[in-house]
Amino acid sequence: MVNKILLKYGKNMELLRKLPKIDKLIEENLFKDCSNKLVIKIAKMKVENLRLDILNGNISDFSYDDLIKNIKKEYEQILASSLIPLINATGVILHTNMGRSLISQEILDRASKNIVNYSNLEYDLQKGCRGERYEHVSKHFKSLLGVEDILIVNNNASAVFLILNTFAKEKEAIVSRGELVEIGGSFRIPEVMKNSGAILCEVGATNKTKLKDYEENINENTAMLMKVHKSNYTIEGFSDEVDFKDIKQLSQKHNLLDYYDLGSGYIPKLPYNLSAYEPTIDDILKHNPSLISFSGDKLFGSVQAGIIAGKKELIDKLKQNQLLRMLRVDKITLSILEETIKAYLEENYQDIPTLNMLFVNLKELEDRANKVIEEVGDGICKLVKTTTYMGGGTLPNKTFPSVAISIKGKANKLEKEFRKSNIIGRIENDKFLLDFRTILPQDDKQMIISIKEIIL
Ligand SMILES: *Cc1c(COP(=O)(O)O)cnc(C)c1O
């Protein structure tokens, strides 16, 4: 027994002596292009782990080569980008999980001058004193929408929160039961209202709300009538909702605020008759709303932002709310947003990828798909005329045509393999599809390479 312990102890001592010195270890050729500080940090941890394993008798030997390889591997893992580009071949243009709207290189380039240089973000060049951050985009936005004033916040969820907190705190905001939505990421309108301090007054039934329901619930504590766009669901069959036009009239009659959370707002009429299901911003502004809000990165096709438009006196009140400081946007957002609005003013829709993908000619998609098929061989994939969705909490259940290629083989297995190559496709009728509506033309070459790698 004693002998056995001594033997083990002796062996351990031997192994412990084998543990490399850190300052020797970092001299290895493998680390010649690495940051010393980070290598030392990882090496210390790995060697300490080995030391404990030896002392506890968990290991009877270790390999020096494996140790330095492991250190290098961990070094690379730490430095690898977490956020990486993907090819969206799902056909869903506003894919929330993949970043919603894309920004074009053109817009990014134009915006970058205000990001890499100092700017007049909050500096009044004429007076030589502090200026107003929100003036920049508001000038362009006012020309685009013809509204009295504009305010930009972090996202549309912030817009909803700020508006309710400013105008309906401890007061009632009347909303239809059919519009109490939950959108992705568990953003629930009723929860947001509660947290903002507003008292939610639900009216009507899930499937039917009438103007009378709003009117009968107005009391001395009512602050606003609110309409919320049904972004990710539809209520069909025996159903009824009140037009914003009528809500506006009713709120005017009772001297109340009206507010329409559009979710996704957009400018030009959409193709495939999609505008029949979701009004343009202009359609809503015709009714002269007190306030509207929408997302910057849904159909508007720009950066994440919440855009509030409406009456100047109300926007001024929002600006006085201390919360705005916490919801404010930085120069990167404002610069990109401003360039997007300028593209709209010039009707330069080519520079807005979201619109580009939506308005692209189907023939163009077909030509690109056929070219890929030609390159990889038609025994492997074939052209499919299919349909897709807009996504991102817009136009729920409304499909429109698209062009895809279906890849021969087991759909589930293919989905996994393409995903490993950073290509996200979709499965439809047990077929794995790559939809060209959302594949950027410059990625076609990479698609061909990846298909060949995976299939051939
Ligand atoms: C998407 C959406 C929001 C939230 O907008 P974000 O920009 O994602 O914060 C709020 N309300 C409605 C109706 C929406 O569709």
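Residues numbered from 1 in each chain as written. Predicted model: local features only at pLDDT ≥ 70, side-chain atom pairs only at ≥ 80, totals over all residues. Heavy atoms only, no water.

## Looking at the sheet that holds strand β16 (residues 426-428)
Consideration 1: Spatially, the four strands line up as an open sheet ordered β13-β14-β17-β16, and their pairing is antiparallel. Looking at the sheet topology across the chains shown, the edges are occupied by β13 (381-388) and β16. Averaged over all pairs of adjacent strands, the angle between their axes in this sheet comes to 45°, without regard to strand direction.
Consideration 2: As paired strands, β13 and strand β14 (residues 400-407) are joined by eight bridges and run antiparallel to one another. Bridge pairing in β14 links lysine 382 to serine 406. (Pairing = 2+ DSSP bridges. Helix = DSSP H or I, 4+ residues; strand = E, 2+ residues; numbered from the N terminus. Axes fitted to C-alpha atoms, helices over the stretch in contact; angles between N-to-C directions.)

## Observations regarding the domain arrangement of the chain
Consideration 1: Taken domain by domain, the chain consists of domain 1 (2-79), domain 2 (87-94 + 355-455) and domain 3 (105-351).
Consideration 2: Here the C-alpha centroids of domain 1 and domain 3 sit 58 Å apart. (Domains from an automatic or database assignment.)

## Quick notes on the pattern of salt bridges
Consideration 1: On inspection of all chains with the given rule, the structure shows 30 salt bridges.
Consideration 2: With a shortest N-O distance of 3.5 Å, glutamate 132 and lysine 319 are connected by a salt bridge. One end of the pair, glutamate 132, is in the loop between β3 (129-130) and α6 (135-145); the other, lysine 319, is in helix α12 (residues 312-320), and 187 residues separate them in sequence.
Consideration 3: What makes glutamate 132 partly exposed here is its relative accessible area of 32%.
Consideration 4: A salt bridge links glutamate 202 to arginine 177; the shortest N-O distance between them is 3.1 Å. Here the residue glutamate 202 occupies a position in strand β8 (residues 199-203), and arginine 177 occupies one in the loop between β5 (172-176) and β6 (182-183), the gap between them amounting to 25 residues.
Consideration 5: Among the residues examined, arginine 177 registers a relative accessible area of 37% and is labelled partly exposed.
Consideration 6: Because the salt bridges share partners, they merge into one network encompassing Glu122, Arg130, Arg133 and Arg328. (Salt bridge = Lys/Arg side-chain N within 4 Å of Asp/Glu carboxyl O. Buried < 20%, exposed > 50% of the residue type's maximum accessible area, 1.4 Å probe, protein only.)

## Looking at the site of the ligand
Consideration 1: Taken together, 13 residues are adjacent to the ligand, and Ala157, Ser231, Asp261, Ser295 and Lys298 come closest.
Consideration 2: Separating an oxygen atom of the ligand from a side-chain N or O atom of arginine 100 is a distance of 3.0 Å.
Consideration 3: Only α7 (156-167) and β10 (257-264) provide two or more residues apiece to the shell around the ligand. (Near = heavy atom within 4 Å. Polar contact = N/O pair within 3.5 Å; in protein donor to acceptor, adjacent residues only side chain to side chain.)

## Quick look at the environment of aspartate 246
Consideration 1: In this fold, aspartate 246 is placed in helix α10 (residues 244-253).
Consideration 2: Given the relative accessible area of 24%, aspartate 246 is considered partly exposed.
Consideration 3: Along the primary structure aspartate 246 and leucine 211 are separated by 35 residues, whereas in three dimensions their C-alpha atoms are 7.3 Å apart.

## Observations regarding the pairing of strand β17 (residues 431-435)
Consideration 1: Summarising burial for β17: four of the five residues are buried, a large majority.
Consideration 2: Strand direction decides the pairing type here: β14 and β17, joined by four bridges, are antiparallel. Each bridged residue has a counterpart across the sheet, and for serine 406 the counterpart in β17 is leucine 433.
Consideration 3: Where β16 lies against β17, three bridges are found, and the strand directions are antiparallel. When the bridges of β17 are listed, glutamate 428 appears paired with lysine 431.
Consideration 4: Linking β16 to β17, which pair antiparallel, is a turn of two residues; within it asparagine 429 sits at a positive phi near 50°.

## As for the side chain of aspartate 351
Consideration 1: Summarising the element assignment, aspartate 351 is placed in the loop between α14 (331-345) and α15 (353-359).
Consideration 2: Those residues within four positions of aspartate 351 in sequence are excluded, and the remaining contacts are Ser104, Glu106, Ile107 and Arg110. (Contact = heavy atoms within 4.5 Å.)

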